[in-house]
Amino acid sequence: MKKLFPKIIPGILLICILFVGFLYVSDNIGVSAKNLEADIRSSQKIMNDWTVEGSVSDTMAAFISYPQDKTSHTFSVYINRPGLSFGYFFRSGGNIVAVENYIAEYTMEGYNERAFISMNSQKVERLEIDDGNDISVTNMDSSKPFAIVLPVNAGSITFYDENGNSVECYTQPL
């Protein structure tokens with residue numbers, strides 16, 4: 001029995017290493033929150049001189065990447081799957097008119113959060129969240145694009161431009 005035990009340990013370790021390797025190769029582990037920007041730059045071929053702005057929650061991450069002159073953009077939405085998952089998985093991204101000219105609201109069935117992504121051509125400077133009891137106000141830079149993740153049940157969400165006019169969002173299901 002004493003001679004059998006040392007032979008079993010390396011076998012168990014090898015099986016564990018192979019299992020983790022399989023999970024990694026099949027993209028079942030995910031990208032950690034701290035490595036999302038590097039993953040975006042690598043997988044979507046974002047140049048080093050582009051700005052990457054974003055928001056990360058427990059279950060969703062949203063980013064917008066753009067050059068200094070803001071003539072182009074790439075958005076990225078990641079999700080953190082329930083179950084055996086140790087990070088975020090790319091769900092959607094690219095360059096679309098809804099993000100360039102408006103505020104695109106991304107929702108995904110089964111997730112309790114939504115992402116708001118915009119190049120901010122409407123010059124949004126304020127976000128108000130009315131939960132029925134209080135109104136929470138977040139000031140924003142009207143000259144900068146944004147990507148924000150908020151809970152679905154946060155309340156009524158309204159964006160306002162520099163002139164105090166409400167700005168409409170366009171829902172984009174994932």
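A.B. asks: Sorry, what's going on with a nonpolar patch on the surface here?
C.D. replies: Residues Val-97, Tyr-102 and Tyr-170 make up a contiguous nonpolar surface patch of about 260 Å² in total accessible area. By relative accessible area, Tyr-102 is classed as partly exposed at 34%.

A.B. asks: Sorry, what's going on with the environment of Ile-46 here?
C.D. replies: Positionally, Ile-46 belongs in the loop between α2 (36-43) and β1 (51-56). Residue Ile-46 is classed as buried on the basis of its relative accessible area of 6%. In this structure the C-alpha to C-alpha distance between Ile-46 and His-73, which are 27 residues apart in sequence, comes to 9.5 Å. With residues near it in sequence (within four places) discarded, Ile-46 still touches Ile-40, Arg-41, Val-52, Ser-65 and Thr-74.

A.B. asks: Sorry if this is basic, but what is going on with unusual backbone geometry here?
C.D. replies: The general pattern is negative phi for most residues beyond glycine and trans for most peptide bonds. Even without being glycine, Lys-45 reaches a positive phi, approximately 55°. Judged by relative accessible area, which is 69%, Lys-45 ranks as exposed.

A.B. asks: Looking at this structure, how should I read the nonpolar core?
C.D. replies: Side chains that are nonpolar tend, in soluble globular proteins, to be buried together. Counting 15 residues, the largest nonpolar core has Ile-64, Val-99, Tyr-106, Ala-115 and Ile-117 as the members making the most contacts within it. Elements supplying a minimum of two residues to this core: β2 (60-66), β3 (74-79), α3 (97-101), β5 (103-107), β6 (113-118) and β9 (146-151). With four residues, β2 is the single largest residue contributor to this core. Counting 13 residues, the second-largest nonpolar core is a separate cluster that includes Ile-148, Ile-157, Phe-159 and Val-167.

A.B. asks: Even after reading the chapter, I still don't get the environment of Glu-168, so can you show me in this structure?
C.D. replies: With respect to the helices, strands and loops of the structure, Glu-168 is situated in the loop between β11 (166-167) and β12 (169-173). Here the alpha-carbon distance between Glu-168 and Gln-122, two residues 46 residues apart in the chain, equals 9.8 Å.

A.B. asks: Looking at this model, I keep getting lost on the environment of Gly-30. Mind explaining?
C.D. replies: Residue placement: Gly-30 occurs in the loop between α1 (4-25) and α2. In this structure the C-alpha to C-alpha distance between Gly-30 and Phe-89, which are 59 residues apart in sequence, comes to 5.4 Å. Discounting residues that sit within four places of it in the chain, Gly-30 has contacts with Gly-87, Tyr-88 and Phe-89.

A.B. asks: Mind showing me how you'd approach the sheet that holds strand β10 (residues 156-161) here?
C.D. replies: Each strand in a sheet pairs with its neighbour through backbone hydrogen bonds, running either in the same direction (parallel) or in the opposite one (antiparallel). Reading across the sheet, the four strands line up as β8-β7-β10-β11 and stay open at both edges, with antiparallel pairing between neighbours. Here the strands that pair on one side only, and so sit at the sheet edges, are β8 (135-139) and β11. The sheet contact formed by strand β7 (residues 124-130) and β8 spans five bridges and is antiparallel. Its bridge partner being in β8, Asp-130 is matched across the sheet by Ile-135.

A.B. asks: Explanation requested: the sheet that holds β2 in the structure shown.
C.D. replies: A sheet is described by the order of its strands in space; here four strands give the open sequence β1-β2-β3-β4, paired in antiparallel fashion. Of all the strands in the sheet, just β1 and β4 (89-94) have a single pairing partner and so form its edges. Across the sheet, the mean angle from the axis of one strand to that of its neighbour is 15°, orientation sign disregarded. Of the pairings in the sheet, the one linking β3 to β4 comprises five bridges and is antiparallel in character. Counted as the bridge partner of Val-77 is Ser-92 from β4. Sheet strands touched by α2: β1, β2 and β3. Its angle to β3, the strand with the most contacts, is close to 130°.

Conventions we followed
- Residues numbered from 1 in each chain as written.
- Predicted model: local features only at pLDDT ≥ 70, side-chain atom pairs only at ≥ 80, totals over all residues.
- Heavy atoms only, no water.
- Patch = residues over 30% accessible without salt bridge, like charges linked within 9 Å, V, L, I, M, F, W, Y side chains within 5 Å.
- Areas by Shrake-Rupley, 256 points an atom, 1.4 Å probe, with all protein chains shown as cover.
- Salt bridge = Lys/Arg side-chain N within 4 Å of Asp/Glu carboxyl O.
- Buried < 20%, exposed > 50% of the residue type's maximum accessible area, 1.4 Å probe, protein only.
- Helix = DSSP H or I, 4+ residues; strand = E, 2+ residues; numbered from the N terminus.
- Contact = heavy atoms within 4.5 Å.
- Core = buried A, V, L, I, M, F, W, Y, C linked by side-chain atoms within 4.5 Å.
- Pairing = 2+ DSSP bridges.
- Axes fitted to C-alpha atoms, helices over the stretch in contact; angles between N-to-C directions.

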